[in-house]
Number of protein chains: 2
Amino acid sequence: MKSLDELCINTLRMLSVDQIEAANSGHPGLPLGAAPMTYVLWDRYLRHDPQHPDWFDRDRFILSAGHGSALLYALLHMSGYDLPLEELKRFRQWGSKTPGHPEYGVTPGVEVTTGPLGQGFATGVGMAIAEAHLAAVFNRPGFPVVNHHTYALVSDGDLMEGVASEAASLAGHLGLGKLVYLYDDNRISIEGSTDITFTENVELRFRSYGWQVLRVANGNDTEAVDKAVSDSWSEPNKPTLVIVRTHIGYGSPKQDSADAHGAPLGSEACRATKESLGWPLDEPFHVPPEAKAHMGRDRDRGTHARAAWVQLLEGYRKAYPIEAERFERLIRGDLTAGWDEGLPVFRPEDGPMATRSASGKALNALASKLPTMIGGSADLAPSNNSVIKDSPDFQLNCRTGRNIHFGVREHAMAAAVNGMALHGGVVPYGATFLIFSDYARPALRLASLMGAPSRFIFTHDSIGVGEDGPTHQPVDQLLSLRAIPNFLVLRPADANETVAAWKVAVTRKGPAALALTRQKLPILDPADGRVAAGVPRGAYVLADADKETPDIVMAAGGSEVALALDTRKRLSQRGVAARVVSVPSWELFEEQDDEYRDAVLPPGVPRLILEAASAKGLHRYAGPQGTVVGLDRFGASAPGGELMKRMGFEPDTVAEMALGLLKRL
Amino acid sequence: MKSLDELCINTLRMLSVDQIEAANSGHPGLPLGAAPMTYVLWDRYLRHDPQHPDWFDRDRFILSAGHGSALLYALLHMSGYDLPLEELKRFRQWGSKTPGHPEYGVTPGVEVTTGPLGQGFATGVGMAIAEAHLAAVFNRPGFPVVNHHTYALVSDGDLMEGVASEAASLAGHLGLGKLVYLYDDNRISIEGSTDITFTENVELRFRSYGWQVLRVANGNDTEAVDKAVSDSWSEPNKPTLVIVRTHIGYGSPKQDSADAHGAPLGSEACRATKESLGWPLDEPFHVPPEAKAHMGRDRDRGTHARAAWVQLLEGYRKAYPIEAERFERLIRGDLTAGWDEGLPVFRPEDGPMATRSASGKALNALASKLPTMIGGSADLAPSNNSVIKDSPDFQLNCRTGRNIHFGVREHAMAAAVNGMALHGGVVPYGATFLIFSDYARPALRLASLMGAPSRFIFTHDSIGVGEDGPTHQPVDQLLSLRAIPNFLVLRPADANETVAAWKVAVTRKGPAALALTRQKLPILDPADGRVAAGVPRGAYVLADADKETPDIVMAAGGSEVALALDTRKRLSQRGVAARVVSVPSWELFEEQDDEYRDAVLPPGVPRLILEAASAKGLHRYAGPQGTVVGLDRFGASAPGGELMKRMGFEPDTVAEMALGLLKRL
């Protein structure tokens, strides 16, 4: 008779295999090898409440090796989450709660969407940052209302990805002691043994980052895993990597072979596996009652753990009513009442201002009202204007600090911002040059897929950057970001639009990025409230034609709005009545109803769409009688103003384009 | 009196500072601190010929910290490259040869475009791979015709970037002993001391990767630098990192401060710096004749070194005429005569085939004719069909191998492919899923900016991927890649188009990527040569309407071509005569003349553009009387065929869209 532990572990293994066989698609290798360590973690350490997956002070568990999704679904099912066996039987099918890779928001208990390697690893670092910050801000003696771990299962693929290296270096620097990652060291990747490309000394590498590294020589040794997780707590100021030696496809005929990784075992090997593990051969999705009962204790334990926390919170509420009110509001995701009061207003007579500067002022005004607004830059804070001025840095010795130095690690920054956003309780942001959003793109995409309210400050948003040249001048990035479904790009035209854009970004459910100028722009007149009302709608009439139906509508965003206004004057001199539409966000504009959109861009009126960036995505807005003035080439190294002129972004050239369009029509 | 070395070093320093002052823009901190080490390297080690910057067997020098461009221009000028002082005076100005960051192809002697951090580091790894491979293939006893080093200057910012971590791990695994990187350890980044975020143990980290790590305690100690570079050669099977402790902004009032990094010193600090270094105060761009004479020896030494190599090659030509002929052709970049003969031809009766499978066959046929075609996958070779079947792996113990296991390191892979392409003599490629091109995007963009002939195999190109779900289904990637200027995307519709696309990719001057299906596609009939002739033109009439002027033109690429053909039949049943245009590449189509384009997409005929991906970039092709059937949402986890149908990519739905369009018009 096998032990109960072994029975549970084999249940996880075979539930995984059966899901994959049923779908005829999936990755059995990881679940077979890694089931024991996840079982030990979930059974003996993970503090969670399957009936309340959103309990704020739960431990977070991330399956960074998302291809092992079947194992996670087996764990969730066995622990009593609302994930019935029927859903496991519909693994990887349309509309199921068991998609091919874990998806946040689809399956209760899935904390992060994973699959693209390295992302879960780096996202967890953000969660641990959020935990450490909130604990420092809100915990009081006797009231550790924020006190949880962030665990992950990571694979060799995760560790090879650069984003994980960045995140590991950052986590080590920050001393995130409550971050514990189990490394499924199975020594097999898709192309074969890891010997063919991954021969670095992982232990040494993680020690170099400042991590505690522990080892489990046999991944099937539950006591050794137990001891390692327990030992991980001995270093409160170091994240821990537990290197667990496992065997991919354990127990199957494909054990220790790349063949076990990414394809169903097939009926024959599946049968052989069940035989070798002493499992009923003809009963797919078999769940021994003892295993179900044992792992199902998680529900009760979760109920108790959460109840204890609720009680703790009650005491906290009495002892620290102000803090408790604030804390409870934050974990609900509510913003402070009046959070958007006192935002700066800029007047034309104050003179021109770069939108990055305005953003810095808006950010600081918001941060004064939003106590857990926290973020930073990938080593470009002085240029991004991303510092919260009245706060210290977030460091090991100052967890209340709200300024994070992410280092030149754009990708880990974006993933960590996602992790903070998913963790909740904080209002996180990251900053870099728009051009370097490229480095972070996989994490930006995942933010969209998850609907994570991550905010990004992307300054230096066009060839207006100037002398730094084409390596630093975004041409393709706006289009590339707009191509991501549900990713909100805001490109304000002046300081006041920037403030309004920040308000949209803060309340947005999904990710939002502000594309901001390095160069100064004139201030639009906010007197009539048009800017504040217009920005949330994505586009609005900024300067109308002098007659009822304009001869032409010019629509532009960001720095090109001022150009459109100048062009409008030129056209007026030539007898052409032009309307200028400011477009801080095409995405928001598309969310408006037809009536509004037609009022702003009247059908039948010729349109000129203007943006100093790749024009490829703008033709859809130009309509049948329109043209696009864009930039389908790289920039160059020269002063920004000169560059704009040489590339045709100056009023006379644009006016000629407009006149040419009208002539053609 | 200062030593001659010091005079030369100060010349480099002050030429850098003066460039930046003249431009009123640039980064003086690095040149002031790092001038000594680069001077020693160039003066005593670098084997190059300033009069023949393209000499094949030169050492490569990469300024990975590209923001130090002024130092590189000073080095190039002083060593006798065709970069007169006048160009230094036009630093960062329109049309100069001294752009803000080094640009390959703009300035003689600049090997790689750098600036985005980590890229130069990773690109150099590719250069060292190319060198090691070509040396193994062509060198013969007494004839080391390929025998050079790859050097780089790297900064803390480079080392923080994930792409550098990936590349370092790969380089360590491959044992690239002729890779020597000098690390400008100045302990200052833009946000301040590196203590605020970069406290990892760099030495330990690089040792964990299998690198030799050497230290220079004082970066001004030329003899210590000399010894370190010399010692780097002692480990033939390990790359070397020399950690050189320097002081940013050395000699200036801003020394050891972040203020020295990215802004001109300003006239006062500039004057103070000149004073402290004993430099003439009122003579910008001062070049002491002794310094010029001393560093100018590089020209003579280069002439001799290259002449010796030419002589060596002559001997080689006599002793190994076949190898020599091949070698000389390769380093000229000429393809073998008949390289495109014997490529596979597929017939409809062979049954449907995934384009990734066809690509594997084409690749192997090409590799049999192109002896230095070399590449691999980021751990997805079995899925990418990217293995050269009759070749072993490229490893430390097998440098002739042509299959590189890049590991799960997409970003380093792309940068390394760039490095191989820039090095020359090889025909390099990299492979991964199209979705993971996101991880490599900064390197893909640089390939375009440099015009590097890098080839990429991007399989699993749509929601047709199926069960793996939205994390693995490209929706936004095609548009995102097409947004990069000069980046060629080829999305063939069947096996024969795939072969034709490979032919285009191999001969393309800049980067090219093949977007290929996981799922099988029917074979188009190649009998009339239409496919082979059409693919290089980007788009062609695949199936015409049954009457002279079609009622509608449907244009599609990749897997949607078969759908368009099926839709055409449906429309025919409804009395609508449709033309189907296959569009393997919109970029190639745009390169055609108006006559051809109008012949394929006749103006005035309604158009339906079809692609199972973000439609945002396709409206420009739809024209005033057109519509786009695309996918502006994420995919989902379900079998691929089902997914295509549910998302509307099936003939009845598309036919209805076409009929709707015709009705509206």
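The rules we used
- Residues numbered from 1 in each chain as written.
- Chains lettered and ligands numbered in written order.
- Predicted model: local features only at pLDDT ≥ 70, side-chain atom pairs only at ≥ 80, totals over all residues.
- Heavy atoms only, no water.
- Helix = DSSP H or I, 4+ residues; strand = E, 2+ residues; numbered from the N terminus.
- Rg over C-alpha atoms; globule rule 2.2 N^0.38 Å.
- Buried < 20%, exposed > 50% of the residue type's maximum accessible area, 1.4 Å probe, protein only.
- Contact = heavy atoms within 4.5 Å.
- Areas by Shrake-Rupley, 256 points an atom, 1.4 Å probe, with all protein chains shown as cover.
- Lys, Arg positive; Asp, Glu negative; His and termini not counted.
- Charge placed at Lys NZ, Arg CZ, Asp CG, Glu CD.
- Core = buried A, V, L, I, M, F, W, Y, C linked by side-chain atoms within 4.5 Å.
- Domains from an automatic or database assignment.
- Buried area = accessible area lost by both parts, 1.4 Å probe.
- Salt bridge = Lys/Arg side-chain N within 4 Å of Asp/Glu carboxyl O.
- Nonpolar A, V, L, I, M, F, W, Y, C, P; charged D, E, K, R; others polar.
- Polar contact = N/O pair within 3.5 Å; in protein donor to acceptor, adjacent residues only side chain to side chain.
- Least-squares fit on C-alpha atoms with pLDDT ≥ 70 in both.
- Pairing = 2+ DSSP bridges.
- Axes fitted to C-alpha atoms, helices over the stretch in contact; angles between N-to-C directions.
- Right-handed = clockwise from strand over helix to strand, strands pointing away.
- Phe/Tyr/Trp six-rings, centres within 6.5 Å; stacked < 30°, edge-to-face > 60°.
- Lys NZ or Arg CZ within 6 Å of the ring centre and 35° of its normal.

Details of the overall build of chain A
Item 1. A tally of helices and strands in chain A yields 25 helices and 20 strands.
Item 2. Whereas a compact globule of 665 residues would reach a radius of gyration of roughly 26 Å, chain A reaches 27 Å, a difference of no more than 12%.
Item 3. Seen through its principal axes, chain A has C-alpha atoms that stretch 95 × 60 × 45 Å.
Item 4. Within the span of chain A, comprising 665 residues, buried residues form 69% of the whole.
Item 5. Sequence-distant contacts, at least 24 apart, represent 76% of the contacts inside chain A between residues at least 6 apart.
Item 6. Total accessible area on chain A stands at roughly 20700 Å², and carbon and sulfur atoms take up 50% of it.
Item 7. Here chain A carries 67 positive and 80 negative side-chain charges, and the mean point of each set is 3 Å from the other.

A look at the nonpolar core
Item 1. Counting 178 residues, the largest nonpolar core has A:Phe121, A:Phe206, A:Trp211, B:Phe121, B:Phe206 and B:Trp211 as its most contacted members.
Item 2. Counting 85 residues, the second largest nonpolar core, distinct from the first, contains A:Ile457, A:Leu490, A:Ala539 and A:Ala564.

Details of the domain arrangement of chain A
All names here are of chain A.
Item 1. Annotation of chain A at the domain level lists domain 1 (4–302), domain 2 (348–521) and domain 3 (535–664).
Item 2. Distance between the C-alpha centres of domain 1 and domain 2: 32 Å.
Item 3. On the domain 2 side, the residues contacting the 32 residues of domain 1 number 31 residues.
Item 4. In total, about 2700 Å² of surface goes out of reach between domain 1 and domain 2, with carbon and sulfur atoms giving 69% of it.
Item 5. Summed over the shared surface of domain 1 and domain 2, the number is zero salt bridges.
Item 6. Of all the elements in the fold, those that place two or more residues in the side of domain 1 that touches domain 2 are helix H5 (119–138) and helix H7 (162–174).
Item 7. Among the residues forming the side of domain 1 that touches domain 2, the class breakdown is 18 nonpolar, 10 polar and four charged.

Examining the interface of chain B and chain A
Item 1. Each partner contributes residues to the interface: chain B has 100 residues there, and chain A has 100 residues.
Item 2. Of the roughly 8100 Å² buried where chain B meets chain A, counting both sides, 56% is carbon and sulfur surface.
Item 3. Where B:Asp468 meets A:Arg92, a salt bridge forms, and the shortest distance between an N and an O atom there is 2.9 Å.
Item 4. Where chain B touches chain A, the interface holds 59 residue pairs in polar contact (both at pLDDT 80 or more).
Item 5. Of the residues in the side of chain B that touches chain A, the class split is 39 nonpolar, 35 polar and 26 charged.

A short note on the relation of the copies chain B and chain A
Item 1. Mapping chain B onto chain A leaves a residual RMSD of 0.0 Å; the transformation is a rotation of 180° accompanied by 0.0 Å of translation along its axis. Between the two chains, the operation in question is that of a two-fold axis.
Item 2. When the interface residues of chain B are mapped onto chain A, 100% of them again lie at the interface, so the same face is used by both copies.

What about the sheet that holds strand E10 (residues 403–405) of chain A?
Residues and elements named next belong to chain A.
Item 1. The strand order E10-E9-E11-E12-E14-E13 describes an open sheet built from six strands, whose pairing is parallel. A single partner strand is all that each edge strand has here, and the edge strands are E10 and strand E13 (488–490). With direction set aside, neighbouring strand axes in the sheet form an average angle of 20°.
Item 2. Packing against the sheet, helix H18 (residues 495–507) makes contact with strand E9 (373–377), strand E12 (455–459), E13 and strand E14 (512–515), and its axis sits at approximately 165° to E14.

Topic: the pattern of salt bridges
Item 1. Inspection of the entire model under this criterion finds 82 salt bridges over all chains.
Item 2. For B:Asp5, the salt bridge is made with B:Arg44, and the minimal N-O distance between the two is 2.7 Å. You can see B:Asp5 sitting in helix H1 (residues 4–23) and its partner B:Arg44 sitting in helix H2 (residues 29–45), a full 39 residues away along the chain.
Item 3. B:Arg301 is the partner of B:Asp298 in a salt bridge, and the nearest nitrogen-oxygen pair spans 2.3 Å. Taken together, the positions of B:Asp298 and B:Arg301, both in helix H11 (residues 289–319) and three residues apart, correspond to about one turn of that helix.
Item 4. Among the residues examined, B:Asp298 registers a relative accessible area of 3% and is labelled buried.
Item 5. Assessed through its relative accessible area of 34%, B:Arg301 is described here as partly exposed.
Item 6. One continuous salt-bridge network, built from bridges that share partners, spans A:Asp461, A:Arg482, A:Arg491, A:Glu560 and A:Glu611.

Things to note about the pairing of E12(A)
Residues and elements named next belong to chain A.
Item 1. When you tally the buried positions in E12, you get five out of five residues, the bulk of the element.
Item 2. Burial of E12 is two-sided: the residues Arg455, Ile457 and Thr459 facing one way and the residues Phe456 and Phe458 facing the other way are all buried.
Item 3. Here five bridges tie strand E11 (residues 427–433) to E12, and the two strands are oriented parallel to one another. The residue of E12 that forms the bridge with tyrosine 429 is arginine 455.
Item 4. Between E11 and its parallel partner E12, the chain crosses via helix H16 (residues 441–450), and the hand of that crossover is right-handed.
Item 5. Strand direction decides the pairing type here: E12 and E14, joined by four bridges, are parallel.

Things to note about the environment of A:Phe406
Residue and element names in this part refer to chain A.
Item 1. Looking at the secondary structure, you find phenylalanine 406 in the loop between E10 and helix H15 (410–423).
Item 2. Phenylalanine 406 gets classed as buried once you look at its relative accessible area, which sits at 0%.
Item 3. In sequence terms phenylalanine 406 and threonine 336 are 70 residues apart; their C-alpha atoms lie 27 Å from each other.

Topic: the packing of aromatic side chains
Item 1. All chains considered together, the criterion is met by 46 aromatic pairs over all chains.
Item 2. Seen in terms of ring centroids, A:Trp42 and A:Phe61 are 5.4 Å apart; in terms of plane orientation they differ by 75°. Their pairing is edge-to-face. Residue A:Trp42 is found in helix H2 (residues 29–45), and its partner A:Phe61 is found in strand E1 (residues 60–63); the two are separated by 19 residues along the sequence.
Item 3. Here A:Trp42 falls in the buried class, since its relative accessible area comes to 2%.
Item 4. The exposure class assigned to A:Phe61 is buried, which follows from its relative accessible area of 4%.
Item 5. Here B:Phe589 and B:Tyr596 contribute two aromatic rings whose centre-to-centre distance is 6.4 Å and whose plane-to-plane angle is 65°, an arrangement assigned as edge-to-face.
Item 6. Positioned above the aromatic ring of B:Tyr320, the side-chain terminus of B:Arg140 is 5.7 Å from the ring centre.

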